[in-house]
Amino acid sequence: MKRTTIVTACLALFTAPVWAGPDGDNLVINDEIEMVTETAAPAHMENVDTIYSGWRFRTDETQALQLDDFDNPAMLTVDAALDYFDTVDGSEGKSCSSCHDSVEDFAGFTASMPKVMDGKLVTTEDFLNEHRATAMGAEPWKWSGNDMQGMVALLGMQSRGMPVNVAIDGEAAPFWEKGKEIYYTRYGQLELSCANCHEDNYGNMIRADHLSQGQINGFPTYRLKQAKLISRHNRFRGCIRDTRAETFAEGSDEFRALELYVASRGNGLSVETPAVRQ
């Protein structure tokens, strides 16, 4: 396919803006946890003045599912994770609660993830599998498995309503720079970057759905299309695949760096985990 044809095909994906824009919608979960879904962009964002939660771009019906935990379909997986928190697993005869009095001990944890630990950029999935191996003697979980993402969501809920506050300086700086490079790199036959969709065209329609700013403050998120909790890296992989490119693997160093950069673009928004998206 000629380059001019590819460019035309790319432009045809986006239709004129039909998003109503900021309309003052409020996300209050269980009538008590008020979320910040719109705030000034972090200083390190050069091309965007205001950041919005992905919740703001969804239909009324999808938004409503996140207002009450009884209606949120992700809670079935989260409840299973809560049961597992007290379940002995592995050769050491321990459960999560053997070391942690309560899952509430993780309040604030997700709001600062990923972060550098012992010189390595660590995601919540890394943290969980490391503790399964060293403390419990248990087998690692698959990155996008229900057990893993249920526990990631359970830990994330302990920070729900807190502002995302991911560090990007010091030891984190080189990882952040790598993530930024990936975010602005064009991939695949369609020659699209993350920024082409989520920075240049948010609010527009792509096929039958609104483009959001690609914020990940609600991940893992229950995606109605797939009827399960979806990890950040699973969504990254899907986006790059849609450009008709070879994609990185879940848990790769590339996706760890991209997660740090994208998370930092949401600094100031509330942790919504687990969110609901189309």
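Residues numbered from 1 in each chain as written. Predicted model: local features only at pLDDT ≥ 70, side-chain atom pairs only at ≥ 80, totals over all residues. Heavy atoms only, no water.

*Asks:* A description of the packing of aromatic side chains should follow, citing residues and the corresponding values.
*Replies:* Enumeration over the complete set of coordinates arrives at 14 aromatic pairs. Taken together, a centroid distance of 5.7 Å and an interplanar angle of 85 degrees make the contact between F106 and F109 edge-to-face. Just as F106 is buried, F109 falls in that class too. Seen in terms of ring centroids, F248 and F255 are 5.6 Å apart; in terms of plane orientation they differ by 85 degrees. Their pairing is edge-to-face. A network of ring pairs unites the aromatic residues W176, Y183, Y184 and Y261 as a single cluster. (Phe/Tyr/Trp six-rings, centres within 6.5 Å; stacked < 30°, edge-to-face > 60°. Buried < 20%, exposed > 50% of the residue type's maximum accessible area, 1.4 Å probe, protein only.)

*Asks:* Can you tell me about the side chain of T221, naming the residues and giving the values?
*Replies:* Within the secondary structure, T221 is located in strand 10 (residues 221-223). Polar contacts involving the side chain of T221 include one to the main-chain carbonyl oxygen of A275, which spans 2.9 Å. Contacts of T221, omitting those with residues within four sequence positions, involve K228, L229, I230, A275, V276 and R277. (Helix = DSSP H or I, 4+ residues; strand = E, 2+ residues; numbered from the N terminus. Polar contact = N/O pair within 3.5 Å; in protein donor to acceptor, adjacent residues only side chain to side chain. Contact = heavy atoms within 4.5 Å.)

*Asks:* Account for the environment of R223, with residues named and values stated.
*Replies:* Within the secondary structure, R223 is located in strand 10. Note: C-alpha distance between R223 and M162 (61 residues apart in sequence) is 22 Å. Among the polar contacts listed, one links the side chain of R223 to the side chain of Q226, at a separation of 2.9 Å.

*Asks:* Which residues make up the side chain of S212, and what values do they have?
*Replies:* Its place among the elements puts S212 in the loop between strand 9 (209-210) and strand 10. Here G214 takes part through its backbone nitrogen, which lies 3.0 Å from a polar atom of the side chain of S212. Other than its neighbours up to four places away in sequence, S212 contacts G54, F57, R58, C197, H198 and Y202.

*Asks:* Can you break down the sheet that holds strand 12 (residues 276-277) residue by residue, with the values?
*Replies:* On the basis of which strands lie adjacent, the open sheet formed by 3 strands has the order 11-10-12 and mixed pairing. Bordering the open sheet on either side are strand 11 (228-230) and strand 12, each of which pairs with just one other strand. Where strand 10 and strand 11 come together, 3 bridges link them in antiparallel fashion. In the sheet register, T221 faces strand 11, and the bridge partner there is I230. (Pairing = 2+ DSSP bridges.)

*Asks:* Go over helix 5 (residues 146-157) with me, naming the residues and quoting the values.
*Replies:* The periodicity of an α-helix, 3.6 residues per turn, causes residues three or four positions apart to be oriented the same way. Here helix 5 spans 16 Å end to end across 12 residues, near enough to the 16 Å set by a 1.5 Å rise per residue. Buried residues dominate helix 5, accounting for 10 of its 12 residues. By the burial criterion, the buried members of helix 5 are M148, Q149, G150, M151, V152, A153, L154, L155, G156 and M157. (Expected span 1.5 Å × (residues − 1).)

*Asks:* Explain helix 8 (residues 232-242) to me, and be specific about the residues and the numbers.
*Replies:* Of all the residues in helix 8, the buried ones are R232, H233, N234, F236, G238 and I240. Against helix 5, strand 11 and helix 9 (253-264) lie the buried residues of helix 8. In the segment just after helix 8, R244 is the residue with positive phi, at about 65 degrees.

*Asks:* Would you mind going over the confidence of the model for the chain in detail, with residue names and values included?
*Replies:* Reading fine detail from the predicted coordinates is not recommended where pLDDT is low. Mean pLDDT over the chain stands at 92; residues scoring 70 or higher make up 91%. Confidence drops under pLDDT 50 across residues 1-12; counting only partners more than four residues distant or on other chains, this segment forms 6 contacts. Here residues 16-24 is modelled with pLDDT under 50, and outside its nearest four sequence neighbours on either side it reaches 18 contacts, counting other chains as well. (pLDDT = per-residue confidence, 0-100.)

*Asks:* Any chance you could break down unusual backbone geometry for me, citing the residues and the numbers?
*Replies:* Cis geometry marks the peptide bond from F219 to P220, where omega comes out at -5 degrees. Locating P220 in the fold gives a position in the loop between strand 9 and strand 10. A cis amide bond, omega -5 degrees, links T273 with the succeeding residue P274. On the secondary structure map, P274 appears in the loop between helix 9 and strand 12. Within the chain, N30 stands out as a residue other than glycine whose phi angle is a positive 60 degrees. Following the sequence through the fold, N30 ends up in the loop between strand 2 (27-29) and strand 3 (33-35). By relative accessible area, which is 25% here, N30 ends up partly exposed.

*Asks:* Give me the environment of K120: which residues, what numbers.
*Replies:* Looking at the element boundaries, K120 is found in strand 7 (residues 120-122). Accessibility expressed as a relative area gives 60% for K120, which makes it exposed. For the pair K120 and G218, spaced 98 residues apart in the sequence, the C-alpha separation amounts to 24 Å.

*Asks:* Any details on the packing of helix 6 (residues 173-183) against helix 9? Residues and values, ideally.
*Replies:* Helix packing for two helices is described by the angle between their axes and how far apart those axes are. Contact geometry for helix 6 and helix 9: axes closest at 7 Å, N-to-C directions at 90 degrees. On the basis of the axis angle, helix 6 is roughly perpendicular to helix 9. Side by side, helix 6 and helix 9 meet where F175, W176, K178, G179, K180, I182 and Y183 of the first sit next to E254, A257, L258, L260, Y261, V262 and S264 of the second. Considering only residue class, the contact of helix 6 with helix 9 consists of 9 nonpolar, 2 polar and 3 charged. (Axes fitted to C-alpha atoms, helices over the stretch in contact; angles between N-to-C directions. Parallel < 35°, antiparallel > 145°, perpendicular 65-115°, else oblique. Nonpolar A, V, L, I, M, F, W, Y, C, P; charged D, E, K, R; others polar.)

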